[in-house]
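Descriptive structure summary
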Amino acid sequence: MLAITFMVLMIYFVYHSNLSNYQYSEVKFFMKYKPFEIYKNKLKGPWVIICDHASNFVPRSVADGNLGINKKEMQRHIAFDAGAKGLALELGKSLGAPVVCSNYSRLVIDPNRGEKDPTLVMQLYDGTIIPANKNVTNLEIERRLDLFYRPYHDAIKNLLGSFENPIIVCIHSFTQQLKGKKTRPWHVGLLASGDRRFHNVLLKSFEKEPQLCVGDNEPYIGTSPGNTIDKHAIIKERFNTLIEVRNDLIKTDFDQKAWAKLIKNNLLQAKEYLDG
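These notes cover the structure that comes with them. (Residues numbered from 1 in each chain as written. Predicted model: local features only at pLDDT ≥ 70, side-chain atom pairs only at ≥ 80, totals over all residues. Heavy atoms only, no water.)

A look at the sheet that holds strand E1 (residues 36-39)
- In space, the 7 strands of this open sheet follow the order E1-E3-E2-E6-E9-E7-E8, with mixed pairing throughout. Only two strands of the sheet have a single partner each, and these edge strands are E1 and strand E8 (214-216). Going across the sheet, the axis of each strand differs from the next one's by a mean of 20°, ignoring polarity.
- In the sheet, strand E2 (residues 47-51) pairs with strand E3 (residues 99-102) via 3 bridges, with the strands oriented parallel. Bridge pairing in E3 places Ile49 opposite Val99. (Pairing = 2+ DSSP bridges. Helix = DSSP H or I, 4+ residues; strand = E, 2+ residues; numbered from the N terminus. Axes fitted to C-alpha atoms, helices over the stretch in contact; angles between N-to-C directions.)

Some remarks on the side chain of Ser205
- Tracing the backbone through its elements, the reader meets Ser205 in helix H6 (residues 197-206).
- Overall, Ser205 belongs to the buried group, its relative accessible area being 7%.
- Setting aside anything within four residues of it in sequence, one finds Ser205 in contact with Asn266 and Gln269. (Buried < 20%, exposed > 50% of the residue type's maximum accessible area, 1.4 Å probe, protein only. Contact = heavy atoms within 4.5 Å.)

Some points on the environment of Thr128
- Tracing the chain through its elements places Thr128 in strand E5 (residues 128-129).
- The spacing of Thr128 and Glu73 is 55 residues in sequence and 8.1 Å in space, taken between C-alpha atoms.
- The contacts of Thr128, once residues within four sequence positions are left out, are Ile69, Glu73, Arg76, Ile78, Gln123 and Lys179.
- Among the polar contacts made by the side chain of Thr128, one reaches the side chain of Glu73 at a distance of 3.1 Å. (Polar contact = N/O pair within 3.5 Å; in protein donor to acceptor, adjacent residues only side chain to side chain.)

Let's talk about the packing of H6 against helix H8 (residues 253-275)
- The contact between H6 and H8 brings their axes to 9 Å, and the two run at 125°. Here H6 is positioned oblique relative to H8, judged by the angle of their axes. Note on packing geometry: the crossing formed by H6 with H8 is right-handed. Mapping the contact onto sequence places Arg197, Phe198, Val201, Leu202, Ser205 and Phe206 in H6 and Leu262, Ile263, Asn266, Leu267, Gln269, Ala270, Lys271, Tyr273 and Leu274 in H8.
- For the contact of H6 with H8, a count of residues per class yields 10 nonpolar, 3 polar and 2 charged. (Parallel < 35°, antiparallel > 145°, perpendicular 65-115°, else oblique. Left-handed = near helix turned anticlockwise from the far one by under 90°. Nonpolar A, V, L, I, M, F, W, Y, C, P; charged D, E, K, R; others polar.)

Observations concerning the packing of aromatic side chains
- With the rule as written, the count across this model stands at 6 aromatic pairs.
- Considering the side-chain rings of Tyr33 and Phe57, the 5.9 Å spacing of their centres and the 50° angle between planes classify their relative orientation as tilted. You can see Tyr33 sitting in the loop between helix H2 (21-32) and E1 and its partner Phe57 sitting in the loop between E2 and helix H3 (71-74), a full 24 residues away along the chain.
- Taking relative accessible area as the criterion, Tyr33 reaches 12% and is therefore assigned buried. (Phe/Tyr/Trp six-rings, centres within 6.5 Å; stacked < 30°, edge-to-face > 60°.)

Observations regarding the side chain of Arg76
- Checked against the element boundaries, Arg76 lands in the loop between H3 and helix H4 (84-95).
- At a separation of 2.8 Å, a polar atom in the side chain of Arg76 contacts the side chain of Glu73.
- A polar contact is formed between the side chain of Arg76 and the side chain of Asp126, at a distance of 2.7 Å.
- Among residues more than four places away in sequence, those in contact with Arg76 are Asp126, Thr128 and Lys179.

A few points about the environment of Asn66
- Relative to the helices and strands, Asn66 is located in the loop between E2 and H3.
- When near neighbours in sequence (up to four residues on either side) are disregarded, Asn66 contacts Val58 and Ala132.
- Within the structure, Asn66 has its side chain in polar contact with the backbone nitrogen of Gly68 (distance 2.8 Å).

Quick word on the pattern of salt bridges
- Tallied over the entire structure, the rule returns 16 salt bridges.
- The partner of Asp81 in a salt bridge is Arg106, and the shortest N-O contact between them spans 3.3 Å. Placement of the pair is Asp81 in the loop between H3 and H4 and Arg106 in the loop between E3 and strand E4 (124-125), with a sequence separation of 25 residues. Neither residue differs from the other here; Asp81 and Arg106 are each classed as buried.
- Measuring nitrogen to oxygen at the nearest pair gives 2.9 Å for the salt bridge that ties Asp216 to Arg196. Within this pair, whereas Asp216 is found in strand E8, its partner Arg196 is found in the loop between strand E7 (188-191) and H6, the two being separated by 20 residues in sequence. (Salt bridge = Lys/Arg side-chain N within 4 Å of Asp/Glu carboxyl O.)

Set out below in structure tokens:
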């Protein structure tokens, strides 16, 4: 409701205020802006690809587009999952699956958290203080939920509603080492939250890849109430997996295509096994 009211006010100001060219272009951008992107491919199966942390973009409606950290920090894993969007798009093409991507930084508000999760709006992440979030109010969090988080999840919900039995594949990337922590040994990790029907079969398939160190609920625990998998898969009892690829392994287009092929092959093998 807040988002709709805001849009109505924006339209009013466009027609009833003397805006500068710069201000007018900003208003036009915001009116066209969506907090998600959907890439539609020619459908070949039940797959739906989701990339929660696809972007490091900070809309001007949040802290005037600047969270108070420098460009180098905004290129780190704290702001988005580097390489994940390219990988998700390549996987979508090869599987013939739609791809839903977020269109805002996880530092604005994290789409892969429950609405009541204390890490929904991060104030400190891997040693970096986020000044624009330091004293964030409940009212501001609610505003960001309305402007970014809820429209993103509504888009996923609407897309999934067009599938009879979708298999949800969430694509993420992780950094090899957090500050002050041990180096992570895994090349790829598969995360599961309660429902391990698809996960267990897919994990066995990946573990047959001799060159890979594969993590089971690594480098994170898959259980997180209200996150994307929980919201759109677990509650609906849909097959699902969350795949985490180490971000230094998917830096280039070539790497992303190679990983997309590897993931596709294992996904298809898992589905074939479950289909009997």
